[in-house]
Amino acid sequence: MPLGLRRKKKFNTKETSRLVEGEHTDAAVRSLPSPPAPARRLVFHTQLAHGSATGRVENFSSIQELYAKIAGVFEIPPSEILYCTLNTPKVDMGKLLGAQIGLEDFIFAHIKGIKKEVNVYKSEDSLGLTITDNGAGYAFIKRIKDDSIIDSVKTICVGDHIEAINGENIVGWRHFDVAKKLKELKKEELFTLTLIEPKKAFDMEPRSKAGKSSTGKIGTGRETLRLRSKGPATVEEVSSDVVSCIINFLKLFLIATTMFEAGKDKGNPDEFAVALDETLGDFAFPDEFVFDVWGVIGDAKQE
């Protein structure tokens, strides 16, 4: 018998001996729990609401962590972010990011814009304001009642962050504390609000991660990421109806015309991209979107 086979046989004998000595080995192996499934990687797409390239954020469990991730993507301080809206870059208080995010939601971050000081005469007990906060220290105006005191002051807008009242800085206050402070102001006296409005761009419809290669979609499934002040974030099922969001970059005739004029005499996508940056550079369109628009312009030329 070859030497190699003899060794193999001897080895098998020892293995058999060990199995006889531990006759419950198979049962023990079968009783071991199966290894845990790998954690699901949750990635969300984000833009600055006034216009930017598309970034990606992941691995966050709270609003503060999310703001820090977004700030890191766009290389801005987290303190610049006032609040976020879901699936729309507009200041839409019905789309505010709260304690949960749909797994396919697109996050738009509204950052600080112009600071303004407004004097208001409190002629009535009620100012007609509804205050909320972003969960990270910034209170802002959620709603203004029609025909109220604040409604008559046109420089005060929904979405404005209230930074100070009569010179007293209120950053870090919760919304109910700010509301109480405003309610305690004396009637028939003048007071001053220091406000910061979100940075604005052209009024456009919601933007998505552009291009045919996009893997994310605006709209939501029924799964959401619930953010918690303590403990890890969890993925949960929700019973709300699927939210639809119509994507249309070229709805505004002025923007569409400008894009066509910028590209009609260009010979290739690179030249078009340079022209687009010169005319509409504030939007920082993703490369995929530029190629899509270039294709539309090419089709129009042929027709």
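Residues numbered from 1 in each chain as written. Predicted model: local features only at pLDDT ≥ 70, side-chain atom pairs only at ≥ 80, totals over all residues. Heavy atoms only, no water.

Q: What is the right way to look at the overall build of the protein chain in this model?
A: Helix and strand counts for the protein chain stand at seven helices and twelve strands. Expressed as a percentage of its 303 residues, the buried residues of the protein chain come to 37%. Sequence separation of at least 24 residues holds for 62% of the intrachain contacts in the protein chain that already meet a minimum separation of 6. Entry remark: accessible area of the protein chain is about 18,100 Å², with carbon and sulfur atoms responsible for 52%. (Helix = DSSP H or I, 4+ residues; strand = E, 2+ residues; numbered from the N terminus. Buried < 20%, exposed > 50% of the residue type's maximum accessible area, 1.4 Å probe, protein only. Contact = heavy atoms within 4.5 Å. Areas by Shrake-Rupley, 256 points an atom, 1.4 Å probe, with all protein chains shown as cover.)

Q: What should I look at first to understand the packing of aromatic side chains in this one?
A: We describe a pair of aromatic rings using the distance from one ring centre to the other and the angle between the two ring planes. Summed over the entire model, instances satisfying the criterion amount to three aromatic pairs. Measuring from ring centre to ring centre gives 5.6 Å for Phe44 and Phe60, while their planes differ by 50 degrees; the resulting arrangement is tilted. Taken together, the residues Phe44 in strand S1 (residues 43–48) and Phe60 in the loop between strand S2 (55–58) and helix H3 (63–74) connect sequence positions 16 residues apart. As far as burial versus exposure is concerned, Phe44 and Phe60 are alike and both buried. (Phe/Tyr/Trp six-rings, centres within 6.5 Å; stacked < 30°, edge-to-face > 60°.)

Q: Looking at this structure, I do not really get the pattern of salt bridges. What am I missing?
A: For the coordinates displayed, the defined rule picks out seven salt bridges. Here Lys116 ties to Glu197 by a salt bridge, and the two come within 3.0 Å at their closest N and O atoms. Within this pair, whereas Lys116 is found in strand S5 (residues 107–121), its partner Glu197 is found in strand S10 (residues 190–198), the two being separated by 81 residues in sequence. When its relative accessible area of 15% is taken as the criterion, Lys116 is described as buried. (Salt bridge = Lys/Arg side-chain N within 4 Å of Asp/Glu carboxyl O.)

Q: Would you mind showing me how to read the environment of Val73 here?
A: For Val73, the location among the structural elements is in helix H3. Of the residues examined, Val73 reaches a relative accessible area of 33% and is grouped as partly exposed. For the pair Val73 and Gly55, spaced 18 residues apart in sequence, the C-alpha separation works out to 6.2 Å. Setting aside residues up to four positions removed in sequence, Val73 forms contacts with Gly55, Arg56 and Val57.

Q: Looking at this model, I keep getting lost on unusual backbone geometry. Mind explaining?
A: As a rule of thumb, non-glycine residues mostly have phi less than zero, and peptide bonds are mostly trans rather than cis. You will see that Glu75, though not glycine, has its phi angle at about 55 degrees, which is positive. Tracing the sequence through the fold places Glu75 in the loop between H3 and strand S3 (81–86). Non-glycine residue Asn166 carries a positive phi angle of around 50 degrees.

Q: Would you take a moment to explain the pairing of S1 for this structure?
A: It is a general feature of regular strands that their side chains alternate between the two faces of the sheet. With five of six residues buried, S1 is to be regarded as a mostly interior element. Sheet topology places S1 next to S2; four bridges connect them, and they run antiparallel. By the bridge assignment, His45 is partnered in S2 with Arg56. Connecting the antiparallel pair S1 and S2 is a turn made up of six residues, with Gly51 showing a positive phi of about 125 degrees. With three bridges connecting them, S1 and S5 associate as parallel partners. By the bridge assignment for S5, Gln47 is matched with Phe108. (Pairing = 2+ DSSP bridges.)

Q: What's the story with the nonpolar core in this structure? I'm lost.
A: In globular proteins that are soluble, nonpolar side chains generally tend to be buried together. Within the largest apolar cluster, 25 residues are counted, with the highest numbers of intra-cluster contacts made by Leu66, Ile70 and Ile107. Those elements that provide at least two residues to this core are S1, H3, S3 and S5. At six residues, H3 tops the list of elements feeding residues into this core. Excluding anything up to four places from it in sequence, Ile70 contacts Thr46, Val57, Ile81, Cys84, Ile107 and Ala109. In terms of nonpolar packing, the next biggest core, distinct from the first, is built from 20 residues, Ile131, Ile150, Val153 and Ile170 among them. (Core = buried A, V, L, I, M, F, W, Y, C linked by side-chain atoms within 4.5 Å.)

Q: Help me understand the environment of Lys187, please; the structure alone is not making it clear to me.
A: In this structure, Lys187 sits in the loop between helix H4 (175–183) and S10. Not counting residues within four places of it along the chain, the set of residues in contact with Lys187 comprises Lys122, Ser123, Glu124 and Asp125.

Q: Explain H3 here, please?
A: Structurally, the α-helix is built with 3.6 residues per turn, so residues lying three or four positions apart point the same way. Relative to the 16 Å expected for twelve residues at 1.5 Å per residue, H3 spans 17 Å between its end C-alpha atoms, a close match to the ideal helical length. Along H3, the residues classified as buried are Ile63, Leu66, Tyr67, Ile70, Ala71 and Phe74. Along the axis of H3, the buried positions cluster into a sector of 135 degrees, meaning they face one direction only. Taken together, the buried residues of H3 touch S1, S2, S3, strand S4 (100–102) and S5. One or two steps after H3, the chain reaches Glu75, where phi turns positive at roughly 55 degrees. (Expected span 1.5 Å × (residues − 1). Arc of directions from axis to C-beta.)

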